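Commentary on secondary and tertiary structure
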Amino acid sequence: MSTTERPRILVVGGGYVGLYAARRILKKMRYGEATVTVVDPRSYMTYQPFLPEAAAGSISPRHVVVPLRRVLPKAEVLTGRVTTIDQDRKVATVAPLVGEAYELPFDYLVIAMGAVSRTFPIPGLAEQGIGMKGIEEAIGLRNHVLEQLDKADSTTDEDVRRRALTFVFVGGGFAGAETIGEVEDMARDAAKYYTNVKREDMRFILVDAADKILPEVGPKLGTWGREHLEARGVEVFLSTSMDSCVDGHVVLKNGLEVDSNTIVWTAGVKPNPALARFGLPLGPRGHVDTSEKLQVQGTDYIWAAGDNAQVPDMVGRKAGNPNAWCPPNAQHALRQAKVLGDNVISGMRGFPQKEYSHANKGAVAGLGLHKGVAMIVMGKMKIKLKGRLAWYMHRGYHGMAMPTWNRKIRIFADWTLAMFLKREVVSLGAMETPREEFYEAAKPAPAPAAAKAEGEKAKAS
């Protein structure tokens, strides 16, 4: 950790906003003007729009993440969590991965902690649910789904087989619709290599409390997306929710009950709950309350943006909606990060700061290989696309939005190779317990008497 006497700009969070804001600050800053410190529990940034493709094996998981230390060589990157912030002393408490917590003084503060999965007190959810907020969860979901196919192909127990081949996804927004579309596509491809498993044996269920899916692209494209998934054999249940999933027994509010080993939770996000400990002004839903200049209300040295911030939508407000707020998506996060970085430099130098304003450019979503929906906004005109062309738009937009040319090239290389090579359908579930086999080989052998007693006990049972 640096002990420099230069002013310190502390960036809490190394996600999309944290990474791009730190890059912008370092680019605009004069040599030796300040020290930029980035604190995050992970040493990498995850590009979340590509998690569904990573879960389906269309993209290598390593190419979806960006190492912070490599991209920010002139910044101080600390792997840990900021647990508290003392605004009076301008000191943050950092809890590293190992060792005792310590205090870190700062002069300027950027809050970019992002969001976490929004959950409800549903019995069994914590024990059975699988999230889709991180690359670890995407890899785990892929291995888990393929492992279920292995189980179903190898068992003679019909109940075990039915449970293994039932996949429940809760949440019909971008994350849920894209994930079930990609995973269903992968499972359909993988079934070709199994003797006793066919796509018709599988059951995919999508549940949402709203009356439509993909609300971000509008009702018409959302309806097309639902009909498209249903044509592929996905059961879509709208205006209902999950009441419980204890031991994998899923009970929906509409009365449906199924047993499943796979329950994927993508029912929205909420601001990081750690924000409540920082003493910052928060909005009604827990977001940091900021001005149109991305400065936290009531402060002159703290800025916030992205999923954890309540940022006024100046385009909507100028159009007559006084309660317009920027939605939490990558489109706004990228642009907010750049304005935030410029405003931090301006604030440090005592110059006027600029207002954040961005008109929505539309939305794109992929629903599997060669399938997608897209709504492109050009002025007052909205162009709505579906199918293969929308899928190209989805990949083109997010491929170019991926941070760094290193990762852009790797992503496009994955897609290019996939045009000539078949999808990889191997499960690496053993990665979750890599030492298990070695432990079994290396653990001390039981004493003869103990081994005999264990054998007699097993024989009696």
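Quick caveat: nothing in here was measured; it's all calculated off a predicted structure.

**Some words on the pairing of strand β2 (residues 35-40)**
Successive side chains on a regular strand alternate, one facing one side of the sheet and the next facing the other. Where burial is concerned, most of β2 is hidden: 6 out of the 6 residues are buried. Neither face of β2 is open: one carries T35, T37 and V39, the other V36, V38 and D40, and all of them are buried. For strand β1 (residues 8-12) and β2, the ladder comprises 5 bridges, and the chain directions are parallel. Within the sheet, the bridge partner assigned to L10 lies in β2 and is T37. Following the chain from β1 across helix α1 (residues 16-28) to the adjacent parallel β2, one finds a crossover that is right-handed. In the sheet, β2 pairs with strand β5 (residues 76-86) via 4 bridges, with the strands oriented parallel. Residue pairing across strands places D40 opposite T79, the latter belonging to β5.

**Describing the sheet that holds β1**
Reading across from one edge, β7-β6-β5-β2-β1-β8-β20 is the order of the 7 strands in this open sheet, with mixed pairing throughout. If you trace the sheet from one side to the other, it starts and ends with β7 (102-105) and β20 (302-304), each paired once. Put simply, the sheet's adjacent strands are angled 40 degrees from each other on average, direction ignored. Sheet topology note: the β1/strand β8 (residues 108-111) ladder contains 4 bridges and is parallel. Note on β8: the bridge partner recorded for V11 is V110. Sheet contacts for helix α10 (residues 330-349): β1, β8 and β20; angle to β20, the most-contacted strand, approximately 170 degrees.

**What to know about the nonpolar core**
Among the nonpolar cores identified, the biggest contains 112 residues, and I9, V36, I111, L149, M202 and F204 are the most heavily contacted of them. For this core, the domains that each give at least three residues are domain 1 (8-117 + 270-349) and domain 2 (135-267 + 362-419). With residues near it in sequence (within four places) discarded, I111 still touches V12, I85, L275, F278, L280, V288, I302, W303, A304, A305 and N308. L125, V170, M242 and I263 belong to the second largest nonpolar core, which has 15 residues in total.

**Topic: the domain arrangement of the chain**
Splitting the chain by domain gives domain 1 (8-117 + 270-349) and domain 2 (135-267 + 362-419). Using C-alpha coordinates to define each centre, domain 1 is positioned 29 Å away from domain 2. Of the residues lining the interface, 32 residues belong to domain 1; the matching set on domain 2 comes to 26 residues. Between domain 1 and domain 2 lies a buried interface of about 2,500 Å² when both sides are counted; carbon and sulfur atoms form 57% of it. The largest contributions to the domain 1 side of the interface with domain 2 come from F50, A55 and H63, which together make up 23% of the buried area. At the junction of domain 1 with domain 2, the criterion picks out 2 salt bridges. Contributing elements (two or more residues each) for the side of domain 1 that touches domain 2: α1, β3 (44-46), α2 (51-56), β4 (65-67), α3 (68-71) and α10. Residue contributions to the side of domain 1 that touches domain 2 peak at 6 residues, all from α2.

**Remarks on the environment of A164**
Relative to the helices and strands, A164 is located in helix α6 (residues 158-164). With 26 residues separating them in the primary sequence, A164 and A138 have C-alpha atoms 18 Å apart. In contact with A164, other than residues within four places in its own chain, are Q148, A152 and N261.

Calculation criteria
Residues numbered from 1 in each chain as written. Predicted model: local features only at pLDDT ≥ 70, side-chain atom pairs only at ≥ 80, totals over all residues. Heavy atoms only, no water. Buried < 20%, exposed > 50% of the residue type's maximum accessible area, 1.4 Å probe, protein only. Helix = DSSP H or I, 4+ residues; strand = E, 2+ residues; numbered from the N terminus. Pairing = 2+ DSSP bridges. Right-handed = clockwise from strand over helix to strand, strands pointing away. Axes fitted to C-alpha atoms, helices over the stretch in contact; angles between N-to-C directions. Contact = heavy atoms within 4.5 Å. Core = buried A, V, L, I, M, F, W, Y, C linked by side-chain atoms within 4.5 Å. Domains from an automatic or database assignment. Buried area = accessible area lost by both parts, 1.4 Å probe. Salt bridge = Lys/Arg side-chain N within 4 Å of Asp/Glu carboxyl O.

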